[in-house]
Amino acid sequence: MRIGVAGLVLACTGLPAAGAELSPIEPGLDYHSFANVDQFRVTHVELDLRVDLESKVIGGTVGLELKRLDPRATQLVLDTKDLMINDVSQKATDVLGATAKNQTIWVSRPFHLEKPDPILGSALVIDLPPTRKTVEAIRIDYETVPTAAALQWLTPKQTAGRHKAFLYTQSEPIGARTWIPLQDTPQVRATYKARIHTDSDVVAVMSAENDPTHKRNGEYAFVMPQAIPSYLIALAVGDLKFKETGPRTGVYAEAPVVKAAAKEFADTESMIAASEKLFGPYRWTRYDILVLPPSFPVGGMENPRLSFITPTVIAGDKSLVSVIAHELAHSWSGNLVTNATWRDLWLNEAFTVYLESRITAVVYGEQRAAMERVLGLQSLRKDLARLPPKDQVLAIDLRDRDPDLVFSDVPYQKGRLFLGYLEAKFGRDHFDAFLRGYFDHFAFKSITTEQFNQYLTENLLDRFPGIVTHQQVLAWVNGPGLPADAVLPVSSAFSRVDDARAAWLAGTLQVKNFDRDWVTQQWLHFLDNMPAALSAAQLGDLDQAFGFTHSRNAQIERSWLELVIRNNYRPGFARLEEYLTNIGRRLLIEPLYTDLMKTPSGAEFAKRAYGKARPGYHPETVAAIDAIVNPTAAEGSE
Ligand SMILES: [Zn+2]
């Protein structure tokens, strides 16, 4: 997932710390799942679901094929959250040991839901008799609730087309259990098939093989032949059009957006070509992009074969498409080699940010890649300044916490710096060979930090001894802050910007004499590094010259609105309210709400704007903004 150049960290919503911090972490144990994966493993998921856009409910059945690892096990434990379970049955052959000819008989099994945990949901416990059989199949008849955390149901008015309702899922990290009962842990990988039944005038797409020529008839079938973790199962339903952008690439979006999106993301095929040259073959056949309505809570989500992307990266000049490079890079780091638990998230994100930068350098030049690395470091420094030391480590202890509310730039940007450090120490040739070997060795596997460390020791540290010690690696992975010998990015293109800003602040350079050839990253650097206080005259001067209040670029706009809030620049507040009510991408709006809450008048404005905006946000965004704007209510609602 891409949170972007200024990832945010939210305080934990007041959950009890229990005594868990005292006991040592058990690597590979998923503290965010109830599933008894040592006894059973789901290997295939078969969905048959009706998506009711009117009543905001998904209902139907999921079939789970299971590998039994323990013949004596008598219970299968699955993850669910806010699901209504109607019936659980087992394939009759598994019960009776005989098959009725050409007919599958399902026999009901006893089951119950455990008391819900506010973060993890309810364990679904199914009685299964002990057997020597190694493969079993069960089927669960269930329904979601309209408030399911991974689902956002949009009314027609909340879409770009304004005529038809829209549904999309966002399951990472632990949201899949709010719309499918399964083993919701990234260490279990399964193939899937799905039949989706919905209104005849909308299109359904999934993180699977999609057929853009399929006639709109309300009946859609999908196959995902590669084994993926549960958080990558994804679905969207809406009034979607398709436009091809290359032999393996295309864009799905609502009609008013599809043309601009296809133009913005026209370089996707070149990005795949660049990635394959660096990291080995693209193993997922096609790479399509689904552009979502503006409420989509993240920049992008790397759902395999079909990345889900925020429309806020469509700036008209391809200047924000590093998000596409990021989601594409996840086809290697994350989707191919996956973190085994959310503590190991940095294995997904560090490699992805590193790969993103390499892809950007090939397709858009090293200068742009360097600027983005510097912006990433600036954003990381902000996070490090406010995070407690225990949350500044790569392999983070998330026990008793919602992993979604602890996401920060540490696994992303500190992780990238770690890989950049290894590249600098061992040389690019050796490091590239190591990377390719890593992706081949662990392809379609989910791994822990400890497995990575061992592989790194055997294939890089010990192969080229005397360059980096095991202790230096551990300082990166388990230590807070940045090691003193970190190799920090620099950008000469930013020196010009720093000079211009300093001269303007000193009154020796007028806005009309600024260079007019700055790119987005330079404007972001210009705005993000302003002094704490600016006068209304200074802000008016900038706005008049560069039109920040009406920028087409959502990222530049965010940086500008931060200045508007910090300096209580009243002419900018109408646009601020519009921005907060139109966009639900957390990276863009969380810093604005956080800044607003620092003053009484800002807090009053934030509460009013949020009151208007809240019904249009994704449940995940609502949880995050509740915690900022109204911390007490957020605790109560849990
Ligand atoms: Zn990511």
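Residues numbered from 1 in each chain as written. Predicted model: local features only at pLDDT ≥ 70, side-chain atom pairs only at ≥ 80, totals over all residues. Heavy atoms only, no water.

Undergrad: Before we move on, can you summarise the sheet that holds strand E7 (residues 122–127) with the specific residues and values?
TA: Reading across the sheet, the 3 strands line up as E3-E7-E6 and stay open at both edges, with antiparallel pairing between neighbours. Two strands close off the open sheet at either side, each with one partner strand: strand E3 (75–80) and strand E6 (111–113). Averaged over all adjacent pairs, the angle separating strand axes in this sheet is 20 degrees, with direction ignored. Here E6 pairs with E7 via 3 bridges, running antiparallel. When the bridges of E7 are listed, Phe-111 appears paired with Ile-126. (Pairing = 2+ DSSP bridges. Helix = DSSP H or I, 4+ residues; strand = E, 2+ residues; numbered from the N terminus. Axes fitted to C-alpha atoms, helices over the stretch in contact; angles between N-to-C directions.)

Undergrad: Report on the environment of Lys-382, specifying residues and quantitative values.
TA: You can see Lys-382 is positioned in helix H6 (residues 366–386). Assessed through its relative accessible area of 42%, Lys-382 is described here as partly exposed. (Buried < 20%, exposed > 50% of the residue type's maximum accessible area, 1.4 Å probe, protein only.)

Undergrad: Mind laying out helix H15 (residues 573–582), listing which residues take part and the relevant values?
TA: Those residues of H15 not exposed but buried are Phe-573, Arg-575, Leu-576, Glu-577, Tyr-579 and Leu-580. If you follow the buried residues of H15, they end up packed against helix H14 (554–566), helix H16 (586–596) and helix H17 (600–613). (Contact = heavy atoms within 4.5 Å.)

Undergrad: An account of the layout of surface pockets is requested, with residue identities and associated values reported.
TA: Where empty space is left in the structure can be found by rolling a water-sized probe over the atoms. For the largest pocket, the calculated volume is near 1000 Å³. Looking at the largest pocket, it is lined by 40 residues, and the ones nearest its centre are Thr-147, Ala-149, Pro-619, Glu-620 and Ala-623. Among the secondary structure elements, those contributing two or more residues to the lining of the largest pocket are strand E9 (151–154), helix H18 (619–629) and helix H19 (631–637). In terms of residue count, the dominant contributor to the lining of the largest pocket is H18 (5 residues). Of the residues contributing to the lining of the largest pocket, the split by class is 17 nonpolar, 12 polar and 11 charged. Estimates place the volume of the second largest pocket at around 560 Å³. Along its surface, the second largest pocket is lined by 20 residues, and Pro-294, Pro-311, Thr-312, Ile-314 and Ile-583 are the ones closest to its centre. Mapped onto the lining of the second largest pocket, the elements with two or more residues apiece are H14 and H15. Ranked by the residues each element gives to the lining of the second largest pocket, the list is headed by H15, at 4 residues. Across the lining of the second largest pocket, the residue classes break down as 11 nonpolar, 4 polar and 5 charged. (1 Å grid on protein atoms, 1.4 Å probe; cavity = no way out; pocket = protein on both sides within 12 Å on 5 of 7 lines; lining within 4 Å. Points joined across faces, edges and corners; volume = space filled by probe spheres on them. Nonpolar A, V, L, I, M, F, W, Y, C, P; charged D, E, K, R; others polar.)

Undergrad: So, the pattern of salt bridges: which residues are in play, and what are the values?
TA: In total, this model carries 36 salt bridges according to the counting rule given. Arg-586 is the salt-bridge partner of Asp-404, the closest N and O atoms lying 3.4 Å from each other. You can see Asp-404 sitting in the loop between H6 and helix H7 (410–426) and its partner Arg-586 sitting in helix H16, a full 182 residues away along the chain. A residue is classified by how much of its surface remains accessible, and Asp-404, at 9% relative accessible area, is buried. The buried category is assigned to Arg-586, whose relative accessible area is 11%. Put simply, Lys-598 and Asp-595 hold a salt bridge, and the shortest N to O gap is 3.2 Å. According to the relative accessible area criterion, Lys-598 is exposed, its value standing at 62%. By relative accessible area, which is 19% here, Asp-595 ends up buried. Overlapping salt bridges bring together Asp-404, Arg-586, Glu-590 and Glu-620 as one network. (Salt bridge = Lys/Arg side-chain N within 4 Å of Asp/Glu carboxyl O.)

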